[in-house]
Amino acid sequence: PYDVLVIGGGPAGAAAAIYAARKGIRTGIAAERFGGQVLDTMAIENFISLRHTEGPQLAASLEAHVKDYDVDVMNLQRAQKLVPGIDHVSVELANGATLRSKTVILSTGARWRQMGVPGEDQYRNKGVAYCPHCDGPLFKGKRVAVIGGGNSGVEAAIDLANIVSHVTLIEFDGKLRADDVLQRKLRSLPNVDVLLNARTSEVLGDGKKVTGLVYENRIAGQRHTLSLDGIFVQIGLLPNTEWLKGTVELSSRGEIVVDHHGQTSVPGVFAAGDCTTVPYKQIVIAVGEGAKASLSAFDHLMRTSAP
Ligand code: FAD
């Protein structure tokens, strides 16, 4: 069996694997798609000390850095079941194999919920964005829309209003669902419009980038077009934890509940990054949390394993 088995090969998993291997213990990493969400990103300008990089380049560096160490890298492997045991934890893969390890670090990340309308995929990273902390500054002085009137949508609209020239917040329902204090702040801003009962039906572009969107007023039934440079979709972040239901404690949003050490509800099982309850889903945070979970796993091994 492994000493440390990491599930997930994004920034959190890569950091966890490197920290474990540096302790000279048997380390494996299984990932459905090595690189994770970083592969879907273009400009990255907030990974501190790297002034600018692109997602595929950072993903390749993560993988190369892991491969500098003695780590079993199992790419294109999806975990589908976690089975806690007395002195080891088993992880069943979709290909039928079972991996065993004294400790496991879960770092399966998350995915943004998409609108599922024409043009959204085509203009992803070409005006369609999901992360205001990441991509907000790219739209300085421009016109954007935020889709979704929950807390994350309203927070995004307030945040973006400081950077961009104009924000249109689009909510499907007849009212916003965000906390009152956020709604009051939003309505006090001069460069924000709120559209209620509005269903976005299409992302428009010129072949290279976003030029606007089409929405339908659900009450009047009329269709309208907005001219825009960017669209921030804020209708939910879904943790990749469906396969852990019933074994590891999850929050109401499906995030793995961890303590300050990255420990989950199952002894010997740790977690890090976007799949956990740790707030703010960012690369630099995922990397730090991965390192922390790995050091916690090592500490657990020191206390529980025979030398
Ligand atoms: P992920 O990157 O999601 O990696 C999860 C890993 O787990 C993947 O390897 C995946 O294949 C694997 N996996 C999932 N389920 C399973 C399973 N069942 N079995 C095995 N493997 C599994 N952050 C920034 O800091 N700056 C930015 O500029 C930025 N831009 C972004 C742009 C876009 C378009 C997106 C989508 C995100 C962006 N982010 C940015 C957020 C950032 O990418 C994430 O916070 C970060 O990647 C989280 O790392 P992670 O390791 O926790 O998870």
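These figures come from a predicted structure and were not determined experimentally.

Q: Break down the overall build of the protein chain for me, citing the residues and quoting the values.
A: Along its length, the protein chain carries 6 helices and 19 strands. Against the globule reference of 19 Å for 307 residues, the protein chain gives a C-alpha radius of gyration of 21 Å, in line with a compact fold. Each principal axis of the C-alpha distribution contributes one length, and for the protein chain these read about 70 × 35 × 35 Å. Each of the 307 residues in the protein chain was classed as buried or not, and the buried ones make up 43%. Long-range pairs, those at least 24 residues apart, make up 61% of the contacts in the protein chain with a sequence separation of at least 6.

Q: Which residues make up the confidence of the model for the protein chain, and what values do they have?
A: Mean pLDDT for the protein chain: 97, with 100% of residues reaching 70 or above. The least confident element of the protein chain is strand S3 (residues 43-44), whose mean pLDDT is 92; the most confident is strand S19 (residues 269-271), at 99. Reported for the predicted complex are a pTM of 0.94 and an ipTM of 0.99.

Q: Please give an account of the nonpolar core that cites residues and values.
A: Ranked by size, the top nonpolar core spans 50 residues in total, and within it Ala16, Ala17, Val104, Ile105 and Ala271 carry the most contacts. No other element matches helix H1 (residues 11-21), which puts 9 residues into this core. When neighbours within four sequence positions are excluded, alanine 17 is seen to be in contact with Val6, Thr27, Ile29, Val66 and Val71. Formed by 33 residues, the second largest nonpolar core is a distinct cluster that contains Tyr130, Val154, Ile170 and Leu176.

Q: If you had to explain the sheet that holds strand S11 (residues 143-147) to someone new, which residues and values would you point to?
A: The strand order S10-S17-S11-S12-S13 describes an open sheet built from 5 strands, whose pairing is parallel. Either end of the sheet is taken by a strand with one partner, and the two such strands are strand S10 (128-129) and strand S13 (192-195). With 2 bridges joining them, S10 and strand S17 (residues 230-233) adopt parallel strand pairing. Bridging from a neighbouring strand, alanine 129 pairs with phenylalanine 232 of S17.

Q: Which residues make up the site of the ligand, and what values do they have?
A: Within the structure, the ligand sits among 38 residues, and Gly8, Gly10, Gly36, Gly109 and Gly273 are positioned closest to it. Elements with a contribution of two residues or more to the shell around the ligand: H1, strand S2 (27-31), strand S9 (110-112) and helix H6 (283-304). When the residues that make up the shell around the ligand are grouped by side-chain class, the tally is 18 nonpolar, 14 polar and 6 charged.

Q: Give a description of the pairing of strand S6 (residues 79-84) that names residues and reports values.
A: Here 5 bridges tie S6 to strand S7 (residues 89-93), and the two strands are oriented antiparallel to one another. Bridge pairing in S7 places valine 83 opposite serine 90. Turn length for the S6-S7 hairpin, with the two strands adjacent in sequence and antiparallel, is 4 residues.

Q: Any chance you could break down the packing of H1 against H6 for me, citing the residues and the numbers?
A: The contact between H1 and H6 brings their axes to 7 Å, and the two run at 35°. Pair H1 / H6 crosses with right-handed handedness. Here H1 contributes Pro11, Ala12, Gly13, Ala14, Ala15, Ala16, Tyr19 and Ala20 to the contact with H6, which in turn contributes Ile283, Ala286, Val287, Glu289, Gly290, Ala291, Ala293, Ser294, Leu295, Ala297 and Phe298. Partitioned by chemical class, the residues of the contact of H1 with H6 number 15 nonpolar, 3 polar and 1 charged.

Q: Summarise the environment of phenylalanine 270; cite the residues concerned and give the values.
A: Looking at where phenylalanine 270 falls in the secondary structure, it is placed in strand S19. Taking the C-alpha atoms as reference, phenylalanine 270 lies 10.0 Å from valine 248; in sequence the two are 22 residues apart. Apart from residues lying up to four places away in sequence, phenylalanine 270 is in contact with Thr103, Ile105, Gly262, Gln263, Thr264, Ala293, Ser296 and Ala297.

Q: Before we move on, could you go through the sheet that holds strand S16 (residues 223-227) and cite the residues and values that matter?
A: Strand order in this open sheet of 3 strands is S14-S15-S16, and the pairing throughout is antiparallel. Of all strands in the sheet, those with a lone pairing partner are strand S14 (198-205) and S16, marking the two edges. Averaged over all adjacent pairs, the angle separating strand axes in this sheet is 25°, with direction ignored. Pairing between S14 and strand S15 (residues 210-217): 7 bridges, direction antiparallel. Counterpart to glycine 205 in the pairing with S15 is valine 210.

Q: Just give me the short version of helix H4 (residues 151-161), but keep the residues and values in it.
A: Along H4, the positions that sit buried rather than exposed are Gly153, Val154, Ala156, Ala157, Ile158, Leu160 and Ala161. Those residues of H4 hidden inside the fold are in contact with helix H3 (132-135), S11, strand S12 (166-170), helix H5 (180-187), S13 and S17.

Q: Which residues make up the packing of H1 against helix H2 (residues 55-67), and what values go with them?
A: Each packed pair of helices is defined by two parameters, the angle between the axes and the distance between the axes. Put simply, H1 and H2 touch, their axes get as near as 9 Å, and they point 15° apart. Classed by the angle they form, the pair H1 and H2 counts as roughly parallel. Classified by chirality, the crossing of H2 by H1 is left-handed. Packed against H1, whose contacting residues are Pro11, Ala14, Ala17 and Ile18, the element H2 presents Leu62, His65 and Val66 at the interface. Counted by class, the contact of H1 with H2 contains 6 nonpolar, 1 polar and no charged residues.

Definitions and cut-offs
- Residues numbered from 1 in each chain as written.
- Predicted model: local features only at pLDDT ≥ 70, side-chain atom pairs only at ≥ 80, totals over all residues.
- Helix = DSSP H or I, 4+ residues; strand = E, 2+ residues; numbered from the N terminus.
- Rg over C-alpha atoms; globule rule 2.2 N^0.38 Å.
- Buried ≥ 20, exposed ≤ 12 C-beta atoms within 10 Å, placed from the backbone.
- Contact = placed C-beta atoms within 7 Å.
- pLDDT = per-residue confidence, 0-100.
- Core = buried A, V, L, I, M, F, W, Y, C linked by C-beta atoms within 7 Å.
- Pairing = 2+ DSSP bridges.
- Near = placed C-beta within 6 Å.
- Nonpolar A, V, L, I, M, F, W, Y, C, P; charged D, E, K, R; others polar.
- Axes fitted to C-alpha atoms, helices over the stretch in contact; angles between N-to-C directions.
- Left-handed = near helix turned anticlockwise from the far one by under 90°.
- Parallel < 35°, antiparallel > 145°, perpendicular 65-115°, else oblique.

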